[in-house]
Amino acid sequence: MKRLSIGLGLLAAFTVIGFSGLAAWPIARTPSPSLAALDGNVQNGAYLARASGCIACHTNPEGGAPLAGGIALETPFGTLYSPNLTTDPVHGIGDWTIDQFAVAVRQGISPEGEPYYPAFTYPFYADFSDQDIADLWAAFQTVPPVAEPSMAPNMMFPFNQRAGLKLWRAAFMHDPDTEPVEGKSDSWNRGKWLVEGATHCSACHTPRNLAGGRKEKTEKFAGSDLIPGGGKAPAIDTPSLTNQGWDADSLAYALKTGLTPSGDAFGNAMGEVVLHGTQFLSTGDLAAMAEYLMDQPR
């Protein structure tokens with residue numbers, strides 16, 4: 001019994017030391033020193049915010065103020081709530097700097113140095129340029145403040161220990177594949193940047209492992225039964241889209257209207273994507289996304 005007690009004591013001590021080490025592990029990178037000097041374009045920033053799903057995820061459809069948060073996201077690990085992103089200095093991001101905003105958007109790190117849960121799709125925004133960030137920042141500065149506290153996550157142990165997210169990031173986080181491909185059209189490459197980055201299609205349409213990591217290397221765009229809030233996302237790899245009767249024109253039209261070639265309408269999560277996001281994209285960007293999705297790299 002004495003040896004067992006000593007063993008359990010050592011295990012507890014090592015656990016505490018391990019979590020302390022994780023908590024002290026710095027993971028944020030310093031943004032570009034020229035970021036604060038850039039002039040942001042409010043219209044471009046608002047457009048990018050729409051494309052990136054900020055409105056859909058941070059505006060409660062049941063009477064919530066724009067970007068005041070409060071949407072519950074059910075996951076196998078617990079429930080998350082989208083935070084307040086208004087300019088309120090206490091409950092929102094009103095006291096942030098543009099550097100803190102950049103680190104949050106591109107790296108998923110809070111101003112306090114804590115990692116955000118990956119339900120926030122920051123891995124897809126890692127390649128946003130400094131000008132993209134400046135534009136987004138300018139747009140967010142126009143949002144009226146709302147004194148609505150953000151709701152704390154309700155996660156099971158050990159998922160309620162944010163320090164453990166650093167291990168998850170090391171295992172499953174990777175930069176988005178948004179780089180242009182030589183020999184492809186400007187439109188195709190624009191579509192790639194949108195699909196693989198800003199509109200983060202893979203977040204819902206790629207299956208995940210038991211730890212919540214996306215199976216990007218083996219089953220990208222193969223569909224998923226595990227999306228936040230429940231429901232299923234169909235396969236959207238090029239062969240699947242072709243077999244389902246899609247072409248570039250019908251796909252671009254669906255992203256604009258929410259209507260499928262069969263006359264059905266998108267529902268649930270995809271319906272919200274169209275309602276709050278893709279319907280606001282330009283005809284050229286919708287055509288670019290469709291072009292890329294119908295001609296994905298093998």
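Residues numbered from 1 in each chain as written. Predicted model: local features only at pLDDT ≥ 70, side-chain atom pairs only at ≥ 80, totals over all residues. Heavy atoms only, no water.

Novice: Before we move on, could you go through the packing of helix α7 (residues 186–198) against helix α13 (residues 283–293) and cite the residues and values that matter?
Specialist: Two elements in contact, α7 and α13, have axes whose closest approach is 7 Å; the angle formed by their N-to-C orientations is 85°. The angle between α7 and α13 falls in the class roughly perpendicular. Taking contact as the criterion, the partners of Ser187, Trp188, Arg190, Gly191, Lys192, Leu194, Val195 and Glu196 in α7 are, on α13, Asp285, Ala288, Met289, Glu291, Tyr292 and Leu293. A breakdown of the residues in the contact of α7 with α13 according to their chemical character gives seven nonpolar, two polar and five charged. (Axes fitted to C-alpha atoms, helices over the stretch in contact; angles between N-to-C directions. Helix = DSSP H or I, 4+ residues; strand = E, 2+ residues; numbered from the N terminus. Parallel < 35°, antiparallel > 145°, perpendicular 65-115°, else oblique. Contact = heavy atoms within 4.5 Å. Nonpolar A, V, L, I, M, F, W, Y, C, P; charged D, E, K, R; others polar.)

Novice: Just give me the short version of empty space enclosed by the protein, but keep the residues and values in it.
Specialist: On inspection of all chains with the given rule, the structure shows one cavity of 30 Å³ or more. In terms of lining residues, the largest cavity is bounded by Pro118, Thr121, Pro123, Phe124, Trp168, Phe172, His174, Ala203, Arg208, Gly212, Gly213 and Arg214. By residue class, the composition of the lining of the largest cavity is six nonpolar, four polar and two charged. (1 Å grid on protein atoms, 1.4 Å probe; cavity = no way out; pocket = protein on both sides within 12 Å on 5 of 7 lines; lining within 4 Å. Points joined across faces, edges and corners; volume = space filled by probe spheres on them.)

Novice: Can you explain the pattern of salt bridges? Please cite residues and give values.
Specialist: Side chains that carry opposite charge are capable of pairing whenever their charged atoms lie near each other. Counted under the stated rule, the structure contains seven salt bridges. Across the pair Asp130 and Arg106 runs a salt bridge, and its minimum N-O distance is 3.0 Å. Of this pair, Asp130 sits in helix α5 (residues 130–140) while Arg106 sits in helix α4 (residues 98–107), placing them 24 residues apart in sequence. On the accessibility criterion, Arg106 (12% relative accessible area) is buried. Taking the shortest distance from any N to any O, the salt bridge between Glu219 and Lys215 comes out at 3.7 Å. Classification of Lys215 as partly exposed rests on a relative accessible area of 29%. (Salt bridge = Lys/Arg side-chain N within 4 Å of Asp/Glu carboxyl O. Buried < 20%, exposed > 50% of the residue type's maximum accessible area, 1.4 Å probe, protein only.)

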